[in-house]
Amino acid sequence: IDGVNQGDLVQEYAGEIIGERTKEERLQAWSRDHPHDPNFYVMHLEPGWYVDAREVANVARFINHSCDPNCKLVPMNVGGHIRVSIMCIKDVAPGGFLNYDYHFDTQHGDKFICRCGAKNCRGTMKGGKQVEDEKALSKKTKKQLLMEAKGRVQ
């Protein structure tokens, strides 16, 4: 790359938009047909919807994982449709590599070994504390969230 600045939009993560059932069917078929290949390129878009970048995609699907990333995924509303953008969170020098934390939602973290070499490497591409905190937050009701927010203001 020619260098990317913090805050820049790198690219959209593009692919075919599929529902939950189709995702499950495709992942099961992929595991059956490719038992030693964990590269499936399916990303969560919003509840019940996913981006499958295996056959219809752009080069964003080849951005690697790092536990100390220089990019992050940011959902964006474009004309009423949610899209996943890849935003730069640290300056990347010309010739540098782009990466983001995959935060895989899996029960099988041992299948997704990380060898990124970062000082804070988790050893897995499975989601870490930040993802767990976000999941806990998403389980709270609107009333609970409002009460917590009011408590912080007072």
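Located above this text is the structure these notes cover.
Residues numbered from 1 in each chain as written. Predicted model: local features only at pLDDT ≥ 70, side-chain atom pairs only at ≥ 80, totals over all residues. Heavy atoms only, no water.

**Some words on the pattern of salt bridges**
Then step 1. Tallied over the full model, the rule gives 9 salt bridges.
Then step 2. Notably, a salt bridge pairs Lys 23 with Glu 24, separated by 2.8 Å at the nearest N-O pair.
Then step 3. Judged by its relative accessible area of 12%, Lys 23 is buried.
Then step 4. Overall, Glu 24 belongs to the partly exposed group, its relative accessible area being 33%.
Then step 5. For Asp 52, the salt bridge goes to Arg 54, with nearest N and O atoms at 3.1 Å.
Then step 6. The class for Asp 52 is buried, based on a relative accessible area of 4%.
Then step 7. Residue Arg 54 is classed as partly exposed on the basis of its relative accessible area, which comes to 21%.
Then step 8. Via salt bridges that share partners, Glu 16, Arg 26, Asp 52 and Arg 54 belong to a single interconnected network. (Salt bridge = Lys/Arg side-chain N within 4 Å of Asp/Glu carboxyl O. Buried < 20%, exposed > 50% of the residue type's maximum accessible area, 1.4 Å probe, protein only.)

**Structural notes on the nonpolar core**
Then step 1. Counting 15 residues, the largest nonpolar core has Tyr 13, Ile 63, Cys 71, Ile 86, Leu 98 and Tyr 100 as the members making the most contacts within it.
Then step 2. At the level of secondary structure, the elements contributing two or more residues to this core comprise strand S3 (42–46), strand S4 (49–57) and strand S7 (81–88).
Then step 3. The greatest single-element share of this core, amounting to 3 residues, is contributed by S7.
Then step 4. Phe 40, Val 42, Tyr 50 and Phe 104 belong to the second-largest nonpolar core, a separate cluster that totals 10 residues. (Core = buried A, V, L, I, M, F, W, Y, C linked by side-chain atoms within 4.5 Å. Helix = DSSP H or I, 4+ residues; strand = E, 2+ residues; numbered from the N terminus.)

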